[in-house]
Every structure is written in structure tokens, then in C-alpha cells.
Amino acid sequence: FILFLAINIELPYYINSPGRIIDISKKIKIDSPYKPEGSFNFAYVTEIKATIPTLLIAYFNKEWDILKKEDVIYDNETEDDIYFRKHLLLDEANQNAIILAYQKANKKVDIIDQQLFITFVDTLAKTDLKVGDEVLEINNQVISNKEQISKIVAETKMGTKMNIKVKRDDQIVECYAEPTIQDNKKIIGIMITQKRVIETDPHIELKFKASESGSSGGLMMALTIYNYLTEEDITHGYDIVGTGTIDENGNVGSIGGVEYKLRGVIKAKKKIFLVPAGENYEEAMELKKKENFDIEIVPISTFDEALEYLNTLK
């Protein structure tokens, strides 16, 4: 019984460790005549709740890091809130990737429906909004995209409350939010994530496990889909691993845990790693030099920049 408790009782800590890589072709079902010779792959971080055995392993393993629960879960949110956010971010990233890849390949893609959900509320925010709320109206304006919200916030005077109508647990609720200043920027301290219904030609389906989440695979998903839609194989026979968020305009955003992802790529014995330019690239290069890793790390700022690099692999 004591052994059972020691193995299974969760402690107030989380552990981050190097993950592995995932061949994205296994996540996609698409009507395409093109079959790449190489592959595009996600790099991911393994995050687990600590138990006594895993805590002991982490203590003696330099590649495993121990995080306090309060560093992972904020005071004003629950594990369900985090689950909701990470999985909605995965959906948004995949939808961004589909829209971008189809547009770049001159294929048909239409947004049929769109919902905007609150996926994070800052502890300093002056609001009664909650994670999971679907934003419907602000100051009697029907909201259809994030840009509308940013514009309304920018135009709202400090000290003025914005009237926000949301759907919460299938009920329409009237809420408020008051702008604050952080880092010289006017904000209301929330994160908005989009969920869309998309129709494409050719048809595409994505398959992810419940344990998979987050937005850091957006860049590689977009490259994979694009490769299935165009005749030229942009992998040129290489197995390419990468990480980075993507938006509909093709801009690549930074991610967390790049050091764990790099170690996972090394364990998988791959030689090319695409990472967001800037801090992520600098961090990855620092670890490469420190550990003398034999790998090419490529900084990427945009989708087009990734295509330009891949073209050099010929």
C-alpha cells in the first residue's frame, strides 16, 4: 500500500523533460496525389505531474526540470481552464495552418463559422470575465474577430468600463472589462482564441490525441499541408523537425521549452531544426554550443522564409 501511494500520489510540482518528435503525416488525412519523400515533424515537450519516483529522477537528471505548481497554474485558474486553453490553442493553430497553406497553394478554403473564446484572464485584469466565455458583443457591437476587440480597447478611455455580452454555460451573461496599462500598452488582460469551421477543397481531416495540445506546431503543420497541395516536394527527401506558432498571415511566433524540444530532436537523430527567430533561436544555439550538438538550427520569421530555406536543400 505504501509503495502504491509512493508511485501514484501526485505532488504539488510539475516536471518538464525532453519529448520526442511526431511525423505530421500521421496527423493528416487529405485527398492528394503527392507523396513526400521526406517528412515534417513536430518537436514537443513532455510535461508530467510529479510523484515521488519522478521527482527523484528529476532531481538527479539535468535534462528534467522541476516546476512548482504555482508556476504552472495561476491562482485564478484551474487545471480545467488550462486544458481548455491548450486544446483551443491547438485548434486555432491548426486552423491558421490550413487557411495559410491552402491560400499559398491557391486552393479553395472558406471560413464558414467563427467563435471567440476567452482562454486566459490575467490576475491584474479589471473584469468579471471567465475562461470559457464566448464573446458575443462589446458595447452593443456584434464581435466577429480579434481585430474588432483590439480596436474597441484602443478607443476606450481609461477608467471606462466596456460592456461585454458573453455566452457562459449556455446562458447569456452581461460582463464588464476596464482597460489597464501594462508595458506601455492599453489592454484588458485577457487572451482571445478563435474556433472556426472551415471548408476546403481538397478535403482535409486532422487527428490528434487528447494528450496533445498547444499552438507551437503551427508552422510545421502549415508546411506539411502546403507540401500535400503542391507538386514540388519541399522536403527534398529530408526529415525536418521544427517548432513555432503561425498566424493567418504567415508570421511565425515564439514558443516555450525550446531547450527540451532541441534535446528531443537530438535523441531522434535528426539534423535540421527550424525554430522561431529571435530569443528561441538564440536559446537553441546556446544549448547547441554548450552540448556540442551536431545539428543545423535555422531561424524562421515567416512561412515564406521557411520555404526559401527549404528551397536551398535542393
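*Asks:* Explain the nonpolar core to me, please; I cannot follow it from the model alone.
*Replies:* Within soluble globular proteins, side chains that are nonpolar tend to cluster in buried spots. Membership of the largest hydrophobic core comes to 38 residues, with the highest contact counts inside it found for Met220, Leu223, Ile225 and Leu274. For this core, the element with the most residues is helix α6 (residues 218-229), which contributes nine residues. In contact with Leu274, other than residues within four places in its own chain, are Met220, Leu223, Ile240, Val241, Gly242, Thr243, Val298, Ile300 and Tyr309.

*Asks:* Can you walk me through the packing of helix α4 (residues 79-104) against α6 in this structure?
*Replies:* For the pair α4 and α6, interaxial distance at closest approach is 8 Å and the crossing angle is 35°. Our pair here, α4 against α6, has a crossing hand that is right-handed. Within the contact between the two elements, α4 uses Ala93, Asn94, Ala97, Ile98, Leu100, Ala101, Tyr102 and Lys104 and α6 uses Gly218, Met221, Ala222, Ile225, Tyr226 and Leu229. By residue class, the composition of the contact of α4 with α6 is eleven nonpolar, two polar and one charged.

*Asks:* Help me out: how do you make sense of the packing of helix α7 (residues 258-267) against helix α8 (residues 279-291) in this one?
*Replies:* Between two packed helices, both the angle of their axes relative to each other and the distance between the axes serve to describe the pair. Across the interface, α7 lies against α8 with an axial gap of 9 Å and an inter-helix angle of 50°. Here α8 runs oblique to α7, going by the angle between their axes. Where α7 crosses over α8, the two elements pack in a sense that is right-handed. Here α7 contributes Val258, Glu259, Leu262 and Arg263 to the contact with α8, which in turn contributes Asn280, Glu283, Ala284, Leu287, Lys288 and Glu291. For the contact of α7 with α8, the per-class residue count stands at four nonpolar, one polar and five charged.

*Asks:* So what exactly am I meant to see when it comes to the sheet that holds strand β3 (residues 39-49) here?
*Replies:* Ordered in space as β4-β1-β3-β15-β18-β19, the six strands form an open sheet in which the pairing is mixed. Only two strands of the sheet have a single partner each, and these edge strands are β4 (65-68) and β19 (296-300). Averaged over all neighbouring strand pairs, the angle between strand axes comes to 35°, with direction disregarded. In the sheet, strand β15 (residues 239-242) pairs with strand β18 (residues 272-276) via three bridges, with the strands oriented parallel. By the bridge assignment, Val241 is partnered in β18 with Phe273. Across the face of the sheet, α6 comes into contact with β3, β15, β18 and β19 while running at roughly 150° to β3. Sitting on the sheet, α8 touches β18 and β19, and the angle it makes with β19 is about 170°.

Rules and cut-offs
Residues numbered from 1 in each chain as written. Predicted model: local features only at pLDDT ≥ 70, side-chain atom pairs only at ≥ 80, totals over all residues. Heavy atoms only, no water. Core = buried A, V, L, I, M, F, W, Y, C linked by side-chain atoms within 4.5 Å. Buried < 20%, exposed > 50% of the residue type's maximum accessible area, 1.4 Å probe, protein only. Helix = DSSP H or I, 4+ residues; strand = E, 2+ residues; numbered from the N terminus. Contact = heavy atoms within 4.5 Å. Axes fitted to C-alpha atoms, helices over the stretch in contact; angles between N-to-C directions. Left-handed = near helix turned anticlockwise from the far one by under 90°. Nonpolar A, V, L, I, M, F, W, Y, C, P; charged D, E, K, R; others polar. Parallel < 35°, antiparallel > 145°, perpendicular 65-115°, else oblique. Pairing = 2+ DSSP bridges.

Honestly, that's just the spatial picture; any functional story needs more than this.
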